[in-house]
Amino acid sequence: MTYLFLYIVVVILVWWTYRVGWLEALKTVVKVIVPSALIILFNIKAGRFIFKSPVVGLLSALPTSIFIFRGSLPLVSYINSWIENKINKYDDSEVIDTDSVSLDD
């Protein structure tokens, strides 16, 4: 069942990359993966304290996820801007500004 889920996820990623382009797909994946990884890491580290009582764990999982997600937005923005700067980096000194003249003139 896990392999089926991973297969479906990969097919969706390939389709999304084909539809919007690899740069936008990469930025979308970063928007999903970074907060998810931070939430998972937090729950692994704090799981001993949070999940001793299932009621406390259920009540505290959603607020902590929301806080971690909102707190990770600057990190996601920084990573996405770094990706754009690496991709769109070109030297303006090598660009030659020219005027076009039609062949009829």
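This brings us to the overall build of the chain. Within the chain one finds three helices and zero strands. Counting the 105 residues in the chain, one finds 18% classified as buried. Of the contacts formed within the chain by residues at least 6 apart in sequence, a portion of 69% connects residues at least 24 apart. With the model as given, the accessible surface of the chain reaches about 9200 Å², and the carbon-plus-sulfur share is 68%.

What follows covers the side chain of Ser72. With respect to the helices, strands and loops of the structure, Ser72 is situated in helix α3 (residues 54-87). When neighbours within four sequence positions are excluded, Ser72 is seen to be in contact with Pro35 and Leu38.

Okay, the pattern of salt bridges next. Per the stated rule, a full pass over the model turns up two salt bridges. Across the salt bridge formed by Glu24 and Lys27, the nearest N and O atoms sit 3.2 Å from each other. Of this pair, Glu24 and Lys27 are both found in helix α2 (residues 22-50), three residues apart, which corresponds to roughly one turn of the helix. The class of Lys27 is buried, set by a relative accessible area of 11%.

What counts, and at which threshold
Residues numbered from 1 in each chain as written. Predicted model: local features only at pLDDT ≥ 70, side-chain atom pairs only at ≥ 80, totals over all residues. Heavy atoms only, no water. Helix = DSSP H or I, 4+ residues; strand = E, 2+ residues; numbered from the N terminus. Buried < 20%, exposed > 50% of the residue type's maximum accessible area, 1.4 Å probe, protein only. Contact = heavy atoms within 4.5 Å. Areas by Shrake-Rupley, 256 points an atom, 1.4 Å probe, with all protein chains shown as cover. Salt bridge = Lys/Arg side-chain N within 4 Å of Asp/Glu carboxyl O.

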